[in-house]
Amino acid sequence: LCAVLRSWEDRFGIRVIALSFDRLTVSVAAPPETLEEAEAVAAEHFAFCPDNITQGNQESLREYARKAVLGMHAWNFWWD
């Protein structure tokens, strides 16, 4: 998890702003600005925390990229 967060810190300027036993929220200084970039990051989110997509209200990874990654200045993750 630390390696992923460090990579996102370098690429997107993320900062951890909330952490509990099953949730993580990060601020995002420079979120992806194109759908193509957002879809690539959405795949990373899926590998990092599949519950966001498989148990969330997203119909597809592309929808998740559009609604939760593209231009978003906060990313939320939760695990069951």
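Residues numbered from 1 in each chain as written. Predicted model: local features only at pLDDT ≥ 70, side-chain atom pairs only at ≥ 80, totals over all residues. Heavy atoms only, no water.

**Re the overall build of the chain**
Looking only at helices and strands, the chain features four helices and three strands. Helices (α) and strands (β) of the chain occur, in sequence order from the N terminus, as α-β-β-α-α-α-β. Radius of gyration (C-alpha) of the chain: 12 Å, near the 12 Å computed for a compact globule of 80 residues. C-alpha extents for the chain along the principal axes are approximately 30 × 25 × 20 Å. For the chain, with 80 residues in total, the buried portion stands at 31%. For the chain, the exposed area adds up to about 4,900 Å²; of that, 55% sits on carbon and sulfur atoms. Across the chain, 7 positive and 12 negative side-chain charges occur, with their mean positions spaced 2 Å apart. (Helix = DSSP H or I, 4+ residues; strand = E, 2+ residues; numbered from the N terminus. Rg over C-alpha atoms; globule rule 2.2 N^0.38 Å. Buried < 20%, exposed > 50% of the residue type's maximum accessible area, 1.4 Å probe, protein only. Areas by Shrake-Rupley, 256 points an atom, 1.4 Å probe, with all protein chains shown as cover. Lys, Arg positive; Asp, Glu negative; His and termini not counted. Charge placed at Lys NZ, Arg CZ, Asp CG, Glu CD.)

**Brief notes about the pattern of salt bridges**
This model, assessed by the stated rule, comprises six salt bridges. A salt bridge links Arg-6 to Asp-10; the shortest N-O distance between them is 3.3 Å. You can see Arg-6 and its partner Asp-10 sitting in helix H1 (residues 2-12), four residues apart, about one turn around the helix. A relative accessible area of 47% places Arg-6 in the partly exposed class. For Asp-10, a relative accessible area of 54% puts it in the exposed group. Through salt bridges that share partners, Arg-6, Glu-9, Asp-10 and Arg-15 make up one connected network. (Salt bridge = Lys/Arg side-chain N within 4 Å of Asp/Glu carboxyl O.)

**Thoughts on the environment of Ala-74**
Structurally, Ala-74 can be placed in strand E3 (residues 74-78). Not counting residues within four places of it along the chain, the set of residues in contact with Ala-74 comprises Val-26, Ser-27, Val-28 and Ala-68. (Contact = heavy atoms within 4.5 Å.)

**Quick look at helix H4 (residues 61-69)**
The complete set of buried residues in H4 reads Glu-63, Tyr-64, Ala-65 and Val-69. Where H4 is buried, its residues meet helix H2 (35-48), helix H3 (51-54) and E3. Looking one or two places after H4, you find Gly-71, whose phi comes out positive at around 70 degrees.

**A word on the sheet that holds E3**
With respect to topology, three strands assemble into an open sheet ordered E1-E2-E3, the strand pairing being antiparallel. Only two strands of the sheet have a single neighbouring strand rather than two, namely strand E1 (14-19) and E3. Neighbour to neighbour, the strand axes of the sheet diverge by 20 degrees on average, direction disregarded. Examined bridge by bridge, E1 and strand E2 (residues 23-28) share five bridges and lie antiparallel to one another. Considered in E2, the bridge of Ile-14 is made with Val-28. (Pairing = 2+ DSSP bridges. Axes fitted to C-alpha atoms, helices over the stretch in contact; angles between N-to-C directions.)

These results come straight from atomic positions and should not be treated as a statement about function.
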